[in-house]
Amino acid sequence: MLVVDPENAFNTMLSGSEQALNLSIKLLAVYALWLGILQIIEDTGLDKVFAKWLNPIIRWLFPNVDEYTSGQIAINLTSNLLGMGNACTPSGINAIAGMYKGGKVINSNMALLVVLNTTNIQLIPTTIIGIRILHNSVMASSIIIPTIITSAVSVVFGVLMAKLCAKISRKGEAE
């Protein structure tokens, strides 16, 4: 196309670049909003409330993590539940740092957090709904129920596989 019709090719490239820039600016506003909400949650101490609610699950999933790391995991899981997408990255990085014990290999808790971030349950997939609204979707929120179902299935399967792999790894180290 570039050789046959260079004018059309360059117009297409410029149009695509403009659309990408517009979408990036709109998504930046969505992320800024959610990062602000996360900061308010931390400043008001709601992160500690979330950590308390999620503590039994966190203790079962992530044995031997300290209170700070548990709080970061709670913020990470909560922001994923609310569909905040990339806004949960800082708490995920802090949680991973709290689980780091040195060495060159990740431990099973770190791997499980990565699995949970990848397969997370989203009660309200706000980022996807926002993108659908930006692209004039008639029923932008129609994906909520399918998203809850598919993300719940993926979380259960991901946790089971991560726990199984951790058990196999511990068994291999013991032999």
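Residues numbered from 1 in each chain as written. Predicted model: local features only at pLDDT ≥ 70, side-chain atom pairs only at ≥ 80, totals over all residues. Heavy atoms only, no water.

**Re the overall build of the protein**
Okay, so step 1: Looking only at helices and strands, the protein features seven helices and zero strands.
Okay, so step 2: The C-alpha radius of gyration computed for the protein amounts to 20 Å, which surpasses the reference 16 Å derived for 175 residues by more than 25%, pointing to a less compact arrangement than a globule.
Okay, so step 3: Counting the 175 residues in the protein, one finds 31% classified as buried.
Okay, so step 4: Within the protein, counting contacts between residues at least 6 apart in sequence, those at least 24 apart form 60% of the total. (Helix = DSSP H or I, 4+ residues; strand = E, 2+ residues; numbered from the N terminus. Rg over C-alpha atoms; globule rule 2.2 N^0.38 Å. Buried < 20%, exposed > 50% of the residue type's maximum accessible area, 1.4 Å probe, protein only. Contact = heavy atoms within 4.5 Å.)

**Observations concerning a nonpolar patch on the surface**
Okay, so step 1: Judged by side-chain polarity, Phe157, Met161, Leu164 and Ile168 come together as a nonpolar surface patch covering roughly 400 Å² of accessible area.
Okay, so step 2: Inspection of the secondary structure assignment puts Phe157 in helix 7 (residues 144-174).
Okay, so step 3: On the basis of relative accessible area, Phe157 is assigned to the exposed category, the value being 55%. (Patch = residues over 30% accessible without salt bridge, like charges linked within 9 Å, V, L, I, M, F, W, Y side chains within 5 Å. Areas by Shrake-Rupley, 256 points an atom, 1.4 Å probe, with all protein chains shown as cover. Salt bridge = Lys/Arg side-chain N within 4 Å of Asp/Glu carboxyl O.)

**Focus on the packing of helix 2 (residues 46-61) against helix 3 (residues 67-81)**
Okay, so step 1: Relative to each other, helix 2 and helix 3 sit at 95 degrees, their axes nearing to 8 Å. Judged on the interaxial angle alone, helix 3 and helix 2 are roughly perpendicular. Of the residues in helix 3, those in contact with Asp47, Phe50, Ala51, Leu54, Asn55, Ile58 and Arg59 of helix 2 are Ser70, Gly71, Ile73, Ala74, Ile75, Leu77 and Thr78.
Okay, so step 2: Of the residues that constitute the contact of helix 2 with helix 3, the class distribution is eight nonpolar, four polar and two charged. (Axes fitted to C-alpha atoms, helices over the stretch in contact; angles between N-to-C directions. Parallel < 35°, antiparallel > 145°, perpendicular 65-115°, else oblique. Nonpolar A, V, L, I, M, F, W, Y, C, P; charged D, E, K, R; others polar.)

**Observations concerning the nonpolar core**
Okay, so step 1: Ranked by internal contacts, the top residues of the largest apolar core, which has 18 residues, are Ile58, Phe62, Ile73, Met99, Leu112 and Leu116.
Okay, so step 2: Those elements that place two or more of their residues in this core are helix 2, helix 3, helix 4 (89-99), helix 5 (108-119) and helix 7.
Okay, so step 3: Leave out the neighbours within four places in its chain, and Phe62 touches Ile73, Met99, Asn109, Leu112, Leu113 and Leu116.
Okay, so step 4: Counting six residues, the second largest nonpolar core, distinct from the first, contains Trp34, Leu38, Ile41 and Met84. (Core = buried A, V, L, I, M, F, W, Y, C linked by side-chain atoms within 4.5 Å.)

**Here we look at helix 5**
Okay, so step 1: Between its first and last C-alpha, helix 5 extends 16 Å over twelve residues, near the 16 Å set by a 1.5 Å rise per residue.
Okay, so step 2: Those residues of helix 5 that fall on the buried side of the exposure criterion are Asn109, Met110, Leu112, Leu113, Leu116 and Thr119.
Okay, so step 3: Two to three positions downstream of the cap, the backbone nitrogen of Asn109 sits 3.1 Å from a side-chain oxygen, assigning the N-cap of helix 5 to Asn107. (Expected span 1.5 Å × (residues − 1). Polar contact = N/O pair within 3.5 Å; in protein donor to acceptor, adjacent residues only side chain to side chain.)

**A word on the packing of aromatic side chains**
Okay, so step 1: Inspection of the entire model under this criterion finds zero aromatic pairs.
Okay, so step 2: Residue placement shows Lys163 over the ring face of Trp60; its charged tip is 5.4 Å from the ring centre. (Phe/Tyr/Trp six-rings, centres within 6.5 Å; stacked < 30°, edge-to-face > 60°. Lys NZ or Arg CZ within 6 Å of the ring centre and 35° of its normal.)

**Observations regarding the side chain of Ser91**
Okay, so step 1: On the secondary structure map, Ser91 appears in helix 4.
Okay, so step 2: Not counting residues up to four positions away in its chain, the partners in contact with Ser91 are Gln72, Ile75 and Asn76.

**Considerations on helix 3**
Okay, so step 1: With 15 residues, helix 3 extends 21 Å from end C-alpha to end C-alpha; this agrees with the ideal 21 Å at 1.5 Å per step.
Okay, so step 2: For helix 3, the buried fraction is high: twelve of the 15 residues fall into the buried class.
Okay, so step 3: Looking only at helix 3, the buried set comprises Thr69, Ser70, Gly71, Gln72, Ile73, Ala74, Ile75, Asn76, Leu77, Thr78, Ser79 and Asn80.
Okay, so step 4: If you follow the buried residues of helix 3, they end up packed against helix 1 (6-44), helix 2, helix 4 and helix 5.

**A word on the packing of helix 4 against helix 5**
Okay, so step 1: Viewed as axis vectors pointing N to C, helix 4 and helix 5 meet at an angle of 165 degrees, and their least axial separation amounts to 9 Å. Between helix 4 and helix 5, the angle falls in the class roughly antiparallel. Between helix 4 and helix 5 lies a crossing whose hand is right-handed. From helix 4, Gly92, Ala95, Ile96 and Met99 reach across to helix 5, where they touch Asn109, Met110 and Leu113.
Okay, so step 2: The residue makeup of the contact of helix 4 with helix 5, split by class, is five nonpolar, two polar and no charged. (Left-handed = near helix turned anticlockwise from the far one by under 90°.)

**Brief notes about unusual backbone geometry**
When glycine is set aside, most residues are seen to have a negative phi, and most peptide bonds are trans.
Okay, so step 1: The phi dihedral of Asn64 is positive, around 70 degrees, even though this residue is not glycine.
Okay, so step 2: Note on placement: Asn64 falls in the loop between helix 2 and helix 3.
Okay, so step 3: For Asn136, which is not glycine, the phi torsion reads 60 degrees and is therefore positive.
Okay, so step 4: Tracing the sequence through the fold places Asn136 in the loop between helix 6 (126-134) and helix 7.

Purely spatial values, then, with no claim about function.
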